[in-house]
Amino acid sequence: MNPRQSGSIAHWAACVAIFFLPLAIIGTPAVLAQPGRAGEIVRAPKPKPIDWKKTTDEAVKLLSQYIQINTTNPPGNEIRAAQLLKEKFLSDGIPATIWQSAPGRGIVAARLRGVGRKRKTLILLSHMDVVPANPRQWSVAPFSGKVKDGSVWGRGALDDKGPGVIEMMAMLAIKRAGILLDRDVLFIATGDEETGGRQGAQWFADNEKDIYSDAGYLLNEGGAIMVRPNGRQLYTVSVTEKAPLWLRLVATGPTGHAADPPEETSVTHLVRALGRLIDYRPKIHVLQPVADYFNVLAHIDHGPRQWLNLAVALRDPAFAREFLSMPYQNAMVRDTIAPTVLMAGPTINELPETAYADVDCRLLPGENPKRFMETIRKVIADKSIKIQVLLTSPATSSPQKSSLMRAIERLAREDKARSVPTMISGFTDSRFFRQHGVISYGFIPIELSAADERGIHGVNEHIGVSQLGDAIRRMVTLLEIFGGRG
Ligand SMILES: [Zn+2]
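Just so we're clear, the structure is a prediction, and the values are computed from it rather than from any experiment.

Q: Before we go on, may I ask you to explain the overall build of the chain in this structure?
A: Helix and strand counts for the chain come out as 17 helices and 19 strands. Whereas a compact globule of 486 residues would reach a radius of gyration of roughly 23 Å, the chain reaches 25 Å, a difference of no more than 12%. For the C-alpha atoms alone, the extent of the chain along its principal axes is close to 100 × 55 × 45 Å. Going through the 486 residues of the chain one by one, you find that 53% of them count as buried. Once local pairs closer than 6 in sequence are excluded, the contacts in the chain between residues at least 24 apart make up 80%. In the structure as shown, the chain presents an accessible area of about 22,500 Å², 54% of it carried by carbon and sulfur atoms. If you average the places of the 59 positive and of the 49 negative side-chain charges in the chain, the two averages end up 6 Å apart.

Encoded structure:
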């Protein structure tokens, strides 16, 4: 933040205090009984400048500690991480609470009060659990939280402990500086995100509605500041995401000695079914945020002109072949089907009674899971195969236009960057809050290069100290904009 901005915030904070004090007095008879001159207006003190170096150093220390708490999911065991975050909030006088959705599982929430009376609360969401990390593949111990070469290293540095620390430190910086926001900010860190969220965000969204019933907006993982190869920044804001539909295909057949096999067994049924399934190509459908995203990329990167109008361009078979050959691009324009788990017998010379395959399907928003499953049944064309649903969740979207989007656009403009709404091919905890009517965007103002993105669920995940500090600074600015700065 530059000094000019600080000045305007101080002015704004004083104005808010003047505006709301009479309301507070009217609404609180006890205040009238206090001694003091009638009509006296007490100005809020000017916000103190934020020491960014100190804030960043503190964030580095906190993130390092947070990474050292191993929250690999399964089993998660997020409760110690929840305690760490809760204690940190409490030590700064921000009320915080922990929930245990199941033994060892943790959820933490903390609320920074604003002075607004009408404006809806903004949720800052993150998750505390992480995916497994194989230390043999890493150059640093994945749960060391080591600080070296200007970065904090470890599983969760980017997904999603780093963003959680950015959200928390922004709240602490605002509170310590005495910046008055015109709305409450509610921090929520859940567990169990990486395996579907049943013991985490889903549990919280369903069971603790009172905690967030005043929330209208939410920021979560799913979007960031992409640094393009030409150095230009693009603020990507995910407004929708694909819906998971995890299926188990179960085939059964006769048992017996493998020396005299019948023509069809559980395994042959399953393999033939999978063969038909992987040859199937779901139809192409370019949704509006996806079209917008590629259009903006074409402008920023001076990329292929076909990206300017992707839906039309994909009618050309040669272009479509090339475009769809990139897995990420393919996933943006169609439902995907990925067999990931295969199970059959334990011994080589015995025919197993059952064989099954788990298939991770991701549906575009708007696709009906029931209709999709009917298509799968037709493609498999084998009535003996049973299809079980392991996980399903409706696709959820938030409007592309809102006051939160305008605040993000303004933040981007102040950084001389562009912002674009988009869709992500994965899914996040945002869907549980979208289902309850909260406008939820995937956006954390952290700069991410393609190399950074490879660390997410990959090896040697790390976040640069300056990346962390800049993100906190931008998050503070975003909260100021969305929290009432003119
Ligand atoms: Zn994540």
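Q: Whenever I open this one, the sheet that holds strand 15 (residues 386–392) confuses me. Can you help?
A: If you trace the 4 strands from one edge of the open sheet to the other, you get 12-14-10-15, paired in antiparallel fashion. Looking at the sheet topology across the chains shown, the edges are occupied by strand 12 (336–343) and strand 15. Taking the axes of each pair of neighbouring strands and ignoring which way they run, one obtains an average angle of 25° across the sheet. The sheet contact formed by strand 10 (residues 243–252) and strand 15 spans 6 bridges and is antiparallel. Its bridge partner lying in strand 15, Arg248 is registered against Gln388. Against the sheet, helix 13 (residues 369–380) makes contact with strand 10, strand 12, strand 14 (354–363) and strand 15, and its axis sits at roughly 150° relative to strand 15, the strand it touches most.

Q: In this structure, what is going on with the side chain of Asp452? I would like to understand it.
A: With respect to the secondary-structure elements, Asp452 resides in helix 16 (residues 450–455). Of the side chains bearing the opposite charge, Arg454 lies closest to the buried Asp452, which forms no salt bridge; the N-O distance is 8.6 Å. Of note is the side chain of Asp452, whose polar atom sits 2.9 Å from the side chain of Gln467.

Q: Looking at this structure, how should I read the layout of surface pockets?
A: Empty space among the atoms becomes visible once a probe the size of a water molecule is rolled across them. Roughly 1,400 Å³ of volume is contained in the largest pocket. Together, 42 residues line the largest pocket, and Ile424, Ser425, Gly426, Glu453 and Ile456 are the ones closest to its centre. Secondary-structure elements contributing two or more residues to the lining of the largest pocket are strand 8 (225–227), helix 9 (288–301), helix 12 (327–333), strand 16 (418–424) and helix 16. The element best represented in the lining of the largest pocket is helix 12, accounting for 5 residues. Of the residues that constitute the lining of the largest pocket, the class distribution is 24 nonpolar, 10 polar and 8 charged. For the lining of the largest pocket, the two domains that each supply at least three residues are domain 2 (48–239 + 397–482) and domain 3 (241–392).

Q: Where do I start with the coordination of the zinc ion in this structure?
A: Six octahedral donors at a metal ideally form angles of 90 or 180 degrees, and four tetrahedral donors ideally form angles of 109.5 degrees. Every protein donor of the zinc ion is listed here as His127 (NE2), Asp159 (OD), Glu221 (OE) and Glu221 (OE), and their distances to the metal cover 1.9 to 2.7 Å. Coordination geometry of the zinc ion: the 4 donor atoms subtend angles of 51 to 142° at the metal centre, consistent with an arrangement described as irregular. Sequence spacing among the residues donating to the zinc ion works out to H-x31-D-x61-E. Of this pair, Asp159 sits in the loop between strand 5 (151–153) and helix 5 (161–177) while Glu221 sits in the loop between strand 7 (215–220) and strand 8, placing them 62 residues apart in sequence. Among the residues examined, Asp159 registers a relative accessible area of 7% and is labelled buried.

Definitions and cut-offs
- Residues numbered from 1 in each chain as written.
- Predicted model: local features only at pLDDT ≥ 70, side-chain atom pairs only at ≥ 80, totals over all residues.
- Heavy atoms only, no water.
- Helix = DSSP H or I, 4+ residues; strand = E, 2+ residues; numbered from the N terminus.
- Rg over C-alpha atoms; globule rule 2.2 N^0.38 Å.
- Buried < 20%, exposed > 50% of the residue type's maximum accessible area, 1.4 Å probe, protein only.
- Contact = heavy atoms within 4.5 Å.
- Areas by Shrake-Rupley, 256 points an atom, 1.4 Å probe, with all protein chains shown as cover.
- Lys, Arg positive; Asp, Glu negative; His and termini not counted.
- Charge placed at Lys NZ, Arg CZ, Asp CG, Glu CD.
- Pairing = 2+ DSSP bridges.
- Axes fitted to C-alpha atoms, helices over the stretch in contact; angles between N-to-C directions.
- Salt bridge = Lys/Arg side-chain N within 4 Å of Asp/Glu carboxyl O.
- Polar contact = N/O pair within 3.5 Å; in protein donor to acceptor, adjacent residues only side chain to side chain.
- 1 Å grid on protein atoms, 1.4 Å probe; cavity = no way out; pocket = protein on both sides within 12 Å on 5 of 7 lines; lining within 4 Å.
- Points joined across faces, edges and corners; volume = space filled by probe spheres on them.
- Nonpolar A, V, L, I, M, F, W, Y, C, P; charged D, E, K, R; others polar.
- Domains from an automatic or database assignment.
- Donors = N, O, S within 2.8 Å, 3.2 Å for Na, K, Ca; no water.
- Tetrahedral: all angles 85-135°; square planar, octahedral: opposite > 155°, others 65-115°.

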